[in-house]
Amino acid sequence: MKYSEFRDVVKKLINGHYKMKASESEMIDFESKLIDYIADSNYKFYVRVPCGDWTEDVKMTSQDLLRFVRKPRAVVKIEKLLFYNDANKTFSNIYYDVREPDEFGNYPECPEIPKEFLISSKLFRIRKNDLPDLLEEIKYDDPFDLKDKEGMGKERNDSAIKPQETKSIEKTLSYDKTTGKFRFRGTDSKAVSKTSRARKRKIAEQLMECWQKGKPCLLNKIVKDPTKKTPQGVHDDISDIRNILKEIYVNMPQCAEDAYSPPSEAKHFYIINKS
């Protein structure tokens, strides 16, 4: 599926699922977050590259995809990407599989991809078979940080404008969505994860969203179907978050009655969103 078609599908998802109409300028910002999300997940973008007299879809590397996060519609010469060597290697493997040696047993040399070939997100493709699963994960993970269906987005944004005005700073546990770090009594934790789109960060946000309302975080806020066995990966993520909080002297209670109660050390909870 071409990237332009893929963008249209995502735009319809935003318009329908999030109940908001995405403008063209907003879509550029969403594309940045989408590319970041795909680079950090099991999904892949491919680019159709010409070489000699044939073309081939070659998988983009995660490192190269991240070059398109800040400017998703930028144009880059292929020689400046790790993708250049990967693509040449792909063509070389195919070339010598289909070419026959001459009478002396020599193979004609495989041509190189033109170094001036321009790569942009317009050339990206995604496998159609991946699309249904990817759209479901986008709905669940919300990589766009949009207002959720329960109308809590405005409350989160309003509460994040002036973190210095929170009550009782000494007793406030805050979470910075930009850095992925907790803060308690003037001490920052280490980052929940290195990447901004990891599931672990979403879980941390969901915990804090409930705690700042003075409520336990229900398991159904974290897993898609709480009636089924919670995936081991989710248990591991929550355990990591618990250990990170423990390092700044905040004890996160174990799950009880399918919910995670707020830590008793903190009296107030706060989400900071600098993005």
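This is a predicted model, so every value here is computed, not measured. (Residues numbered from 1 in each chain as written. Predicted model: local features only at pLDDT ≥ 70, side-chain atom pairs only at ≥ 80, totals over all residues. Heavy atoms only, no water.)

### With respect to the nonpolar core
Core analysis: the biggest nonpolar cluster contains 44 residues, and Phe-6, Phe-45, Val-49, Phe-83, Ile-119, Phe-124 and Ile-138 have the highest contact counts within it. Listing elements by their share of this core, those giving two or more residues are helix H1 (3-17), helix H2 (24-39), strand E1 (46-51), strand E2 (54-59), helix H4 (83-98) and helix H5 (131-141). In terms of residue count, H2 provides more of this core than any other element does, seven residues in total. Look past the residues within four positions of Ile-119 in its chain and what remains in contact with it is Val-47, Phe-68, Ala-74, Val-75, Val-76, Ile-78, Leu-81, Phe-83 and Phe-124. Counting 27 residues, the second largest nonpolar core, distinct from the first, contains Ile-222, Ile-244, Leu-245 and Ala-266. (Core = buried A, V, L, I, M, F, W, Y, C linked by side-chain atoms within 4.5 Å. Buried < 20%, exposed > 50% of the residue type's maximum accessible area, 1.4 Å probe, protein only. Helix = DSSP H or I, 4+ residues; strand = E, 2+ residues; numbered from the N terminus. Contact = heavy atoms within 4.5 Å.)

### What about the sheet that holds strand E6 (residues 172-176)?
Taken in spatial order, the four strands of this open sheet run E8-E7-E6-E11, and their pairing is mixed. The open sheet has two edge strands with one neighbour each: strand E8 (187-188) and strand E11 (268-272). Bridge count for E6 against strand E7 (residues 181-184) is four bridges, and the pairing is antiparallel. Within the sheet, the bridge partner assigned to Leu-173 lies in E7 and is Phe-184. Strands E6, E7 and E11 of the sheet are contacted by helix H7 (residues 199-211), whose axis makes an angle of about 145 degrees with E6. (Pairing = 2+ DSSP bridges. Axes fitted to C-alpha atoms, helices over the stretch in contact; angles between N-to-C directions.)

### Some remarks on the side chain of Arg-201
Along the chain, Arg-201 turns up in helix H7. Engagement of the side chain of Arg-201 in a polar contact is seen with the backbone oxygen of Thr-178, the distance being 3.4 Å. Among the polar contacts listed, one links the side chain of Arg-201 to the backbone oxygen of Ser-193, at a separation of 2.9 Å. Apart from the residues within four sequence positions on either side, Arg-201 is in contact with Tyr-175, Lys-177, Thr-178, Thr-179, Gly-180, Val-192, Ser-193, Lys-194, Thr-195 and Ser-196. (Polar contact = N/O pair within 3.5 Å; in protein donor to acceptor, adjacent residues only side chain to side chain.)

### Brief notes about the pairing of E11
Of all five residues in E11, four are buried; the element is thus mostly enclosed. With five bridges connecting them, E6 and E11 associate as parallel partners. Note on E11: the bridge partner recorded for Asp-176 is Ile-272.

### As for the packing of aromatic side chains
A ring pair, where both rings are aromatic, is described by two values, the distance of the centres and the angle of the planes. This structure, assessed with the given rule, holds nine aromatic pairs. Ring geometry for Tyr-3 versus Phe-6: centroids 6.3 Å apart, planes at 45 degrees, classification tilted. You can see Tyr-3 and its partner Phe-6 sitting in helix H1, three residues apart, about one turn around the helix. Residues Tyr-3 and Phe-45 carry aromatic rings whose centres are separated by 5.7 Å and whose planes lie at 75 degrees to one another, so their mutual orientation is edge-to-face. Here the residue Tyr-3 occupies a position in helix H1, and Phe-45 occupies one in the loop between H2 and E1, the gap between them amounting to 42 residues. Taking relative accessible area as the criterion, Phe-45 reaches 1% and is therefore assigned buried. (Phe/Tyr/Trp six-rings, centres within 6.5 Å; stacked < 30°, edge-to-face > 60°.)

### A look at the pattern of salt bridges
Counted according to the given criterion, the structure contains eleven salt bridges. Arg-73 is the partner of Glu-31 in a salt bridge, and the nearest nitrogen-oxygen pair spans 2.5 Å. Of the two residues, Glu-31 is situated in helix H2 and Arg-73 in the loop between helix H3 (62-65) and strand E3 (75-77); the sequence distance between them amounts to 42 residues. Asp-188 is paired through a salt bridge with Arg-183; the nearest N and O atoms lie 2.8 Å apart. For Arg-183, a relative accessible area of 36% corresponds to the partly exposed category. Within the structure, one salt-bridge network assembled from shared partners comprises Arg-7, Glu-31 and Arg-73. (Salt bridge = Lys/Arg side-chain N within 4 Å of Asp/Glu carboxyl O.)

### Here we look at the state of the cysteines
What the rule picks out here adds up to zero disulfides. Of the cysteine sulfurs around Cys-255, a residue in no disulfide, the closest is that of Cys-217, at 9.2 Å. Overall, Cys-255 belongs to the partly exposed group, its relative accessible area being 34%. (Disulfide = S-S within 2.5 Å.)

### Looking at H5
Every α-helical turn comprises 3.6 residues, leaving residues that sit three or four positions apart pointing alike. Within H5 the residues assigned to the buried category are Leu-131, Leu-134, Leu-135, Ile-138 and Asp-141. Down the axis of H5, the smallest arc covering the buried residues is 140 degrees, so these residues share one side. The secondary structure elements touched by the buried residues of H5 are H1, H2 and H7. Of the residues trailing H5, Asp-142 is marked for its positive phi of about 50 degrees. (Arc of directions from axis to C-beta.)

Functional significance is not addressed by these values, which are geometric in nature.
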